[in-house]
Amino acid sequence: SEVFIISPLDREVVSNPVHIIFGVKNMTVSPAGIKKKLSGHHHLLIDVKTLPDLTKPIPSDKNHIHFGKGQKSTIINLESGTHTLQLLFADYVHIPHDKPLISKNITIMVE
């Protein structure tokens, strides 16, 4: 199983609003609160240097954005400059799986 950012691409120059498309292989996307095997939902980590504790629920703040309705993309506004984006997939109670699904960290430039 793996999780990845389909768009934008690493090192891409983008302008607001930024459209981010999430991808996941061999897992089902389902809303928070719904317990199903091999399923979960996306969390977008923006400018996060150190991953949160992977044994606890992912925090919810401006750098850790939850997609608990099962969304597979988002449109956000970011300040001009360089940002990092990373996905962390987690279960129905926002806790990463035993083998955490974490995307590569990508860097984008916002004009």
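Only a predicted model underlies this, so the values are computations on that prediction, with no experimental measurement involved.

**A look at the overall build of the chain**
Part 1 of the reasoning: Check the secondary structure of the chain and you find zero helices and ten strands.
Part 2 of the reasoning: Overall, the chain shows an N-to-C arrangement of helices and strands of β-β-β-β-β-β-β-β-β-β.
Part 3 of the reasoning: Scaling as 2.2 N^0.38, a compact globule of 111 residues should have a C-alpha radius of gyration of about 13 Å, and the chain matches this with 13 Å.
Part 4 of the reasoning: If you line up the chain on its principal axes, its C-alpha atoms span 40 × 25 × 20 Å.
Part 5 of the reasoning: Taken across its 111 residues, the chain has 40% of its residues classed as buried.
Part 6 of the reasoning: Looking at the chain alone, contacts between residues at least 24 apart form 65% of all its contacts between residues at least 6 apart.
Part 7 of the reasoning: Counting only carbon and sulfur atoms, one obtains 54% of the accessible surface of the chain, whose full area is about 6,400 Å².
Part 8 of the reasoning: Here the chain contributes 12 positively and 10 negatively charged side chains, and the mean placements of these two sets differ by 9 Å.

**Regarding the pattern of salt bridges**
Part 1 of the reasoning: For the coordinates displayed, the defined rule picks out two salt bridges.
Part 2 of the reasoning: In this structure, glutamate 2 engages lysine 25 in a salt bridge whose closest nitrogen and oxygen atoms are separated by 3.5 Å. With glutamate 2 in strand 1 (residues 2–7) and lysine 25 in strand 3 (residues 18–25), the pair connects residues that are 23 residues apart, well separated along the chain.
Part 3 of the reasoning: Given the relative accessible area of 42%, lysine 25 is considered partly exposed.
Part 4 of the reasoning: Put simply, lysine 56 and aspartate 53 hold a salt bridge, and the shortest N to O gap is 3.0 Å.
Part 5 of the reasoning: For aspartate 53, a relative accessible area of 37% gives the class partly exposed.

Calculation rules
- Residues numbered from 1 in each chain as written.
- Predicted model: local features only at pLDDT ≥ 70, side-chain atom pairs only at ≥ 80, totals over all residues.
- Heavy atoms only, no water.
- Helix = DSSP H or I, 4+ residues; strand = E, 2+ residues; numbered from the N terminus.
- Rg over C-alpha atoms; globule rule 2.2 N^0.38 Å.
- Buried < 20%, exposed > 50% of the residue type's maximum accessible area, 1.4 Å probe, protein only.
- Contact = heavy atoms within 4.5 Å.
- Areas by Shrake-Rupley, 256 points an atom, 1.4 Å probe, with all protein chains shown as cover.
- Lys, Arg positive; Asp, Glu negative; His and termini not counted.
- Charge placed at Lys NZ, Arg CZ, Asp CG, Glu CD.
- Salt bridge = Lys/Arg side-chain N within 4 Å of Asp/Glu carboxyl O.

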